[in-house]
Amino acid sequence: MTKSALLVMDVQQGIVERFGEDPAYLSRLREVIDAARTGGLPVVYVVVGFRTGHPEITSRNKNFGALPGSESALHGGGFAEGDPAARIHPDVAPQPGDVVVTKKRVSAFAGSDLDMVLRAGGIDSLVLTGIATSGVVLSTLRQAADLDFVLTVLEDCCLDADPEVHRVLTGKVFPRQADVLTADAWVRAAGK
């Protein structure tokens, strides 16, 4: 029998602001989170975060290399400790008992203790949500599949800056390693 957890990845204020073209996204995600809690599934939040001064980042990293010298980083931003943009969006904020995992790269597993948290909880099945589809969701899906987790992706609880990339990933790439469902279909199934 599988034991599942819901991963809510990179739904941080600064990221949601950059991907705010779907006004119903947070309410859909909230419904999924509520259904997971009602069904007794652990909700694990994954956030990207760095120490002040970004000692974890090298300039060779194309995703994060510009952060240490950026204007926002010089003023306490850049997803460093205390940066308001790094906070989980209040519409989907964690509740007592939820786990928050901080990662240092794109995949939810990179530089975090996510695998340890999941294994300690006996979790062998993951429901993936987050921003961006071509970033944290893709990277986490690939690594989780290699770690033998059973995977579900909630396609309308993932966002990407490029709708065509989102469509190709959720329609053609992800189904090779995961079940791809809508939030509504998953919530209905979780309620049974």
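The structure we're discussing is the one just above.
All values derive from a computational prediction rather than experimental measurement. Numbering of residues starts from 1 in every chain and runs along the sequence as written. Confidence filtering applies because this is a predicted model: local features only for residues at pLDDT of at least 70, side-chain atom pairs given and counted only at 80 or more, and all residues used for totals across whole chains, interfaces and linings. Based on all heavy atoms of the structure, the side-chain values leave hydrogens and waters out of the count.

K.L.:
Quick rundown of the environment of Val46? Include the residues and the values.
P.N.:
Under the scheme used here, helices are H or I runs from DSSP no shorter than 4 residues and strands are E runs no shorter than 2 residues, and both carry numbers assigned from the N terminus. With respect to the helices and strands, the residue Val46 is situated in strand E2 (residues 43-48). Sequence-wise, Val46 and Phe109 are 63 residues apart; in three dimensions their C-alpha atoms are separated by 9.2 Å. It only takes one pair of heavy atoms within 4.5 Å for two residues to be counted as in contact. Beyond its immediate chain neighbours, meaning those up to four positions away, Val46 contacts Val8, Met9, Asp10, Val101, Lys103 and Ala108.

K.L.:
Let's hear about the layout of surface pockets: which residues, and what values?
P.N.:
Two kinds of site are reported from a 1 Å grid over the protein atoms alone, namely cavities, where a 1.4 Å probe fits but cannot get out, and pockets, open sets with protein on both sides within 12 Å along at least five of seven lines, and residues are called lining when an atom falls within 4 Å of a point. Grid points are joined across faces, edges and corners, and a volume is the space filled by probe spheres set on the points. Reported here for the second largest pocket is a volume of approximately 200 Å³. Forming the walls of the second largest pocket are 13 residues, and the residues nearest its centre are Glu21, Leu159, Asp160, Ala161 and Pro163. Every element with two or more residues in the lining of the second largest pocket is listed here: strand E5 (150-159) and helix H6 (163-173). With four residues, the single largest contributor to the lining of the second largest pocket is E5. Each residue is assigned to one class: nonpolar for Ala, Val, Leu, Ile, Met, Phe, Trp, Tyr, Cys and Pro, charged for Asp, Glu, Lys and Arg, and polar for all the others, Gly among them. Its residues placed into classes, the lining of the second largest pocket shows five nonpolar, one polar and seven charged.

K.L.:
Which residues make up the pairing of strand E1 (residues 4-9), and what values do they have?
P.N.:
Counted residue by residue, E1 has six buried out of six residues, so it is predominantly covered. Only protein chains enter the calculation, and the probe is 1.4 Å; a residue is then buried if its accessible area is under 20% of its type maximum, exposed if over 50%, and partly exposed in between. Burial along E1 is two-sided: the residues Ser4, Leu6 and Val8 and Ala5, Leu7 and Met9 are all buried. Strand pairing follows a simple DSSP-based rule, namely that at least 2 bridges must link the two strands. Where E1 meets strand E4 (residues 125-131), six bridges bridge the pair, whose relative direction is parallel. Across the sheet, residue Val8 finds its bridge partner in E4, namely Thr129. Here four bridges tie E1 to E2, and the two strands are oriented parallel to one another. From the neighbouring strand, Met9 faces E2, where its bridge partner is Val46.

K.L.:
Talk me through the pattern of salt bridges; I want residue IDs and the actual numbers.
P.N.:
Any two side chains of opposite charge can pair, so long as their charged atoms come close to each other. Any Lys or Arg side-chain nitrogen located within 4 Å of an Asp or Glu carboxyl oxygen qualifies as a salt bridge. Enumeration over the complete set of coordinates arrives at eight salt bridges. Note that Asp10 and Lys103 form a salt bridge whose closest N and O atoms lie 3.1 Å from each other. Taken together, the residues Asp10 in the loop between E1 and helix H1 (13-18) and Lys103 in strand E3 (residues 99-103) connect sequence positions 93 residues apart. Residue classification places Asp10 among the buried positions, given a relative accessible area of 6%. For Asp115, the salt bridge goes to Arg119, with nearest N and O atoms at 3.1 Å. Within this pair, Asp115 and its partner Arg119 are both found in helix H4 (residues 114-120), separated by four residues, close to a single helical turn. One salt-bridge network, in which partners are shared between bridges, spans Asp22, Arg28 and Asp156.

K.L.:
Explain the packing of helix H2 (residues 25-38) against helix H7 (residues 183-190) to me, using residue names and the numbers behind them.
P.N.:
Every axis corresponds to a line fitted to the C-alpha atoms, with the helix fit spanning only the stretch in contact, and the corresponding angles, defined between N-to-C directions, vary from 0 to 180 degrees. Packing of H2 against H7 leaves a shortest axis separation of 10 Å and a crossing angle of 15°. The angle between H2 and H7 places the two elements in the roughly parallel class. The crossing of H2 and H7 is left-handed. Contacts from Arg28, Glu31, Val32, Ala35 and Ala36 of H2 reach H7 at Ala183, Trp186 and Val187. Taken together, the residues of the contact of H2 with H7 sort by class into six nonpolar, no polar and two charged. Oblique is the label for any angle not under 35 degrees, not over 145, and not in the 65 to 115 range, which are roughly parallel, roughly antiparallel and roughly perpendicular in turn. By definition, any crossing whose near helix is turned counterclockwise from its far helix by less than a right angle is left-handed, and any crossing with a clockwise turn is right-handed.

K.L.:
A description of unusual backbone geometry should follow, citing residues and the corresponding values.
P.N.:
With an omega of 15°, the peptide bond running from Ile131 to Ala132 counts as cis. For Ala132, the location among the structural elements is in the loop between E4 and helix H5 (133-146). The phi torsion at Asp10 lies on the positive side, around 60°, for a residue other than glycine. The phi angle at Asp148 is positive, at roughly 70°, despite the residue not being glycine.

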